[in-house]
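Residue strings, one per chain:
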Amino acid sequence: MPDDIAVPARNIPLAYDTDVVVVGAGPGGFAAALQAARMGARVILVERFDMPGGVHTSGLQGAAGPGVGGIHTELMERFAADGYIYTATETSLPNWAGNPLSHYDKYLKPDATFRRSSFNPEGAGSVMASMLQDAGVLALYGTSFVDTIVEPGVGNDSISAIIVENASGRQAIAGKIFIEGSGTAHLAASAGVPFLRGGGGQPETADWDGIHRPIPGGLLWIMSGIDFSKTVAHQKSANDPMLSKLIAEAHAAGDIPPGLYRPRMNGNNIYGEHYIGHPTLDMSPMQADGSFILWQNVPYEWALHMDDRAEDEARAKRALRGFIDAEAKFLKKYVPGFEKAVLTNIGRFVGIRDGRHPVGEHVFCLEDVLAGRRFADAVTKPMTKPFFWGSNRKHEFDVPFRCFLPKKINNLILTGASLSFTYDTIFMVMRNFPWCTQTGEIAGYAAAQCIRKGITAKELEWTTPYF
Ligand SMILES: Cc1cc2nc3c(=O)[nH]c(=O)nc-3n(C[C@H](O)[C@H](O)[C@H](O)COP(=O)(O)OP(=O)(O)OC[C@H]3O[C@@H](n4cnc5c(N)ncnc54)[C@H](O)[C@@H]3O)c2cc1C
């Protein structure tokens, strides 16, 4: 068998020629498309699934919080007005705070007051779709970005069109400004932007065999009809806070496959604690009373690169669906409170936490944070956040617009998880829904400015914080 085959050259239809082309409708791409359209640009948004929202809708990760301004605040208000925000408190969910089964709230003191809000992913996706529609964005759902046409230039190159595939077959979409919203820098990499692969140089990764592993991706799912008070009664009466006794019983009976409830591996700080193994049920309030989101992570040991290896992606999908099936059966059979529960939803894709990290005109790194560096092209007023791998203390810092501008390409703007950031600044800190939405709004504003002025993104002078 030859190593490769030649594909005959052929023409494909140029289906659209527009101002701004956005690839991916996660929080970054969604907000970018919306903002650019609201400022008068003609915008086409390409999304492989059937709604916007990315990991937070199609992937079921619907954590909601107070608005941080702009489109994010608008979203929170729209979701609430449409009845798509659910909030659990110590009154509706006693014994949740400090419970070791809670993904987010296990660190709270038992009986602490809490508010844990989430948005209904399906409802939220519909709201976001109608906002795009109202703004005049042409959102092509069921359309996958597959390739890029790059025109060589002096110094930098420019993207002239992207190739997509959908029910019409292969089509080209030409544009003036392109926006990266794929969550894994797929567009940027295809255009030749240099990038670091996920798993490079992370702490705790090369300890025992020298292999650098990406922070594992994950598949989220929802189970409804859970009587959590009965689960709590079991935890207390059987002195089984992490369900270890029930898990051991199911293991002994052959009801738990290898890989499910695998032990955590050694790890420092946040990374090892949360993402390297799932020794117990991992859940969070979601959607409604008795309806919880549950988490399955890719086994870290497998070192899967789902963004650029089809075999890895397929393996993750097969394995995680298998784990979910086994976990749902285990819960119903063994765990009090789950007798009448039903598996209601599995995310449309295994989310990638640590994909490609494109290299931009500035690479935002921990030193920027720790040194409290200020930048003349800051996109927001100074932000204050703790950085777990830095010092775990709060730091005040700026993010420069140059992190939105990838090297090598003149007319491409980055957003969300595809910004020019090191993995340790994105992961756990600069990857949440509010910030990714803000980055999209900033990118959409920049794109519309470029269209108005007839310039490329690299020529745009950024002098005033947007937020
Ligand atoms: C399993 C998981 C759990 C997470 N949990 C948390 C959490 O608890 N708290 C937190 O703050 N952050 C969390 N994150 C991180 C957060 O979800 C991401 O940082 C954020 O969603 C990134 O936004 P984005 O817009 O860049 O991309 P994404 O949300 O990844 O959206 C990308 C969109 O692009 C589309 N797309 C990709 N490739 C193509 C293509 N070729 N053609 C067409 N469309 C394409 C996808 O379908 C998707 O809709 C989690 C991430 C994962 C994967």
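Computed from a predicted model, the values in this text were never measured in an experiment.

A. Representation of the sheet that holds strand 20 (residues 412–414). Ordered by their spatial adjacency, five strands build an open sheet running 7-3-2-11-20, and the pairing between neighbours is parallel. Sheet topology places strand 7 (138–140) and strand 20 at the edges, where each strand pairs with a single neighbour. Neighbour-to-neighbour, the strand axes of this sheet turn through a mean angle of 20 degrees, independent of strand direction. Note that strand 2 (residues 20–23) and strand 3 (residues 43–46) share four bridges and pair parallel. Counted as the bridge partner of Val23 is Val46 from strand 3.

B. How the structure looks around the site of the ligand. As a structural note, the neighbourhood of the ligand is formed by 32 residues, with Glu47, Arg48, Tyr104, Ala417 and Arg431 the closest of them. With respect to the ligand, the side chain of Tyr104 contributes an N or O atom lying 2.9 Å from an oxygen atom. One nitrogen or oxygen atom from the main chain of Ala417 is found 2.9 Å from an oxygen atom belonging to the ligand. Here the ligand has 1000 Å² of accessible area as a free molecule, and 93% of this is covered by the chains. Only helix 1 (27–38), strand 8 (144–151) and strand 13 (218–224) provide two or more residues apiece to the shell around the ligand. Here the shell around the ligand is composed, by residue class, of twelve nonpolar, 16 polar and four charged.

C. Examining the nonpolar core more closely. Membership of the largest hydrophobic core comes to 76 residues, with the highest contact counts inside it found for Ile162 and Val399. Setting aside anything within four residues of it in sequence, one finds Val399 in contact with Phe364, Asp377, Ala378, Val379, Met383, Phe404, Phe421, Met430 and Trp435.

D. Main features of unusual backbone geometry. Although it is not a glycine, Ala185 adopts a positive phi angle of roughly 55 degrees. Secondary-structure assignment places Ala185 in the loop between strand 11 (177–180) and helix 4 (186–190). Residue class for Ala185 comes out buried when judged on its relative accessible area of 0%. Of note, the phi angle at Tyr261 is positive, near 55 degrees, even though the residue is not glycine. Topologically, Tyr261 is positioned in the loop between helix 6 (244–252) and helix 7 (269–275).

E. Broad picture of the environment of Gln438. Its place among the elements puts Gln438 in helix 11 (residues 433–453). Residue classification places Gln438 among the buried positions, given a relative accessible area of 9%. As for Gln438 and Phe467, which are separated by 29 residues in sequence, their C-alpha atoms are 8.2 Å apart.

F. Representation of the packing of aromatic side chains within the structure. This structure, assessed with the given rule, holds 18 aromatic pairs. Seen in terms of ring centroids, Trp96 and Phe292 are 5.5 Å apart; in terms of plane orientation they differ by 45 degrees. Their pairing is tilted. Remark: Phe292 occurs in strand 15 (residues 291–297) and Trp96 occurs in the loop between strand 5 (85–89) and strand 6 (115–119); sequence separation between them is 196 residues. No difference in accessibility class separates Trp96 from Phe292, as the two residues are buried. Here the aromatic rings of Tyr466 and Phe467 are separated by 4.8 Å at their centres, their planes lie at 65 degrees, and the arrangement is edge-to-face. Assessed through its relative accessible area of 18%, Phe467 is described here as buried. Three or more aromatic residues joined by ring pairs make a cluster, and in this case those are Phe401, Phe404, Tyr445, Trp462, Tyr466 and Phe467. Between the NZ or CZ atom of Arg48 and the centre of the ring of Phe349, over which it lies, the distance is 5.3 Å. Against the face of Tyr300 rests Arg213, its NZ or CZ located 5.8 Å from the ring centre.

G. Spotlight on the side chain of Asn411. If you trace the backbone, Asn411 turns up in the loop between strand 19 (394–397) and strand 20. A polar contact of 3.0 Å, which involves the side chain of Asn411, links it to the backbone oxygen of Lys176.

H. Geometry of the packing of helix 1 against helix 2 (residues 70–81). With their axes 10 Å apart at the nearest point, helix 1 and helix 2 run at an angle of 105 degrees to one another. As summarised for this structure, helix 1 and helix 2 are arranged roughly perpendicular, according to the angle between their axes. On helix 2, the residues touching Phe30, Ala31, Leu34, Gln35 and Arg38 of helix 1 are Ile71, Glu74 and Leu75. In terms of residue class, the contact of helix 1 with helix 2 is made up of five nonpolar, one polar and two charged.

I. Quick look at the domain arrangement of the protein. The domain boundaries assigned to the protein delineate domain 1 (14–84 + 122–197 + 356–459) and domain 2 (89–113 + 210–346). A C-alpha centroid distance of 30 Å is found between domain 1 and domain 2. The three residues of domain 1 that bury the most area against domain 2 are Leu60, Arg197 and Phe427, which together make up 42% of that side's buried surface. Taken together, the links from domain 1 to domain 2 amount to one salt bridge. Between Asp308 and Arg197 there is a salt bridge, with its nearest N and O atoms 2.8 Å apart. Tallied by class, the residues present in the side of domain 1 that touches domain 2 amount to seven nonpolar, five polar and four charged.

J. Quick look at the sheet that holds strand 4 (residues 63–64). Within the open sheet, the three strands sit side by side as 4-6-5. Their pairing is antiparallel. A single partner strand is all that each edge strand has here, and the edge strands are strand 4 and strand 5. Where helix 2 meets the sheet, it contacts strand 4, strand 5 and strand 6, and its direction lies at approximately 85 degrees from that of strand 5.

K. Summary view of the pattern of salt bridges. Here the structure, examined in full by the defined rule, presents 19 salt bridges. Salt-bridge contacts for Arg348 lead to Glu122; the nearest nitrogen and oxygen are separated by 3.2 Å. With Arg348 in the loop between strand 16 (342–346) and strand 17 (357–358) and Glu122 in helix 3 (residues 121–135), this pair connects stretches of sequence that are 226 residues apart. A relative accessible area of 29% places Arg348 in the partly exposed class. Three or more residues joined by partner-sharing salt bridges are found here, namely Asp19, Arg42 and Lys176.

L. Local environment of the packing of helix 1 against helix 11. Relative to each other, helix 1 and helix 11 sit at 35 degrees, their axes nearing to 7 Å. Helix-helix and strand crossings are classified by hand; for helix 1 and helix 11 the assignment is right-handed. Along the contact surface, helix 1 presents Pro27, Gly28, Ala31, Ala32, Gln35 and Ala36, while helix 11 presents Phe433, Cys436, Thr437, Thr439, Gly440, Glu441, Ala443, Gly444, Tyr445 and Ala448. The residue inventory of the contact of helix 1 with helix 11, partitioned by class, reads nine nonpolar, six polar and one charged.

The rules we used
- Residues numbered from 1 in each chain as written.
- Predicted model: local features only at pLDDT ≥ 70, side-chain atom pairs only at ≥ 80, totals over all residues.
- Heavy atoms only, no water.
- Pairing = 2+ DSSP bridges.
- Helix = DSSP H or I, 4+ residues; strand = E, 2+ residues; numbered from the N terminus.
- Axes fitted to C-alpha atoms, helices over the stretch in contact; angles between N-to-C directions.
- Near = heavy atom within 4 Å.
- Polar contact = N/O pair within 3.5 Å; in protein donor to acceptor, adjacent residues only side chain to side chain.
- Areas by Shrake-Rupley, 256 points an atom, 1.4 Å probe, with all protein chains shown as cover.
- Nonpolar A, V, L, I, M, F, W, Y, C, P; charged D, E, K, R; others polar.
- Core = buried A, V, L, I, M, F, W, Y, C linked by side-chain atoms within 4.5 Å.
- Buried < 20%, exposed > 50% of the residue type's maximum accessible area, 1.4 Å probe, protein only.
- Contact = heavy atoms within 4.5 Å.
- Phe/Tyr/Trp six-rings, centres within 6.5 Å; stacked < 30°, edge-to-face > 60°.
- Lys NZ or Arg CZ within 6 Å of the ring centre and 35° of its normal.
- Parallel < 35°, antiparallel > 145°, perpendicular 65-115°, else oblique.
- Domains from an automatic or database assignment.
- Buried area = accessible area lost by both parts, 1.4 Å probe.
- Salt bridge = Lys/Arg side-chain N within 4 Å of Asp/Glu carboxyl O.
- Left-handed = near helix turned anticlockwise from the far one by under 90°.

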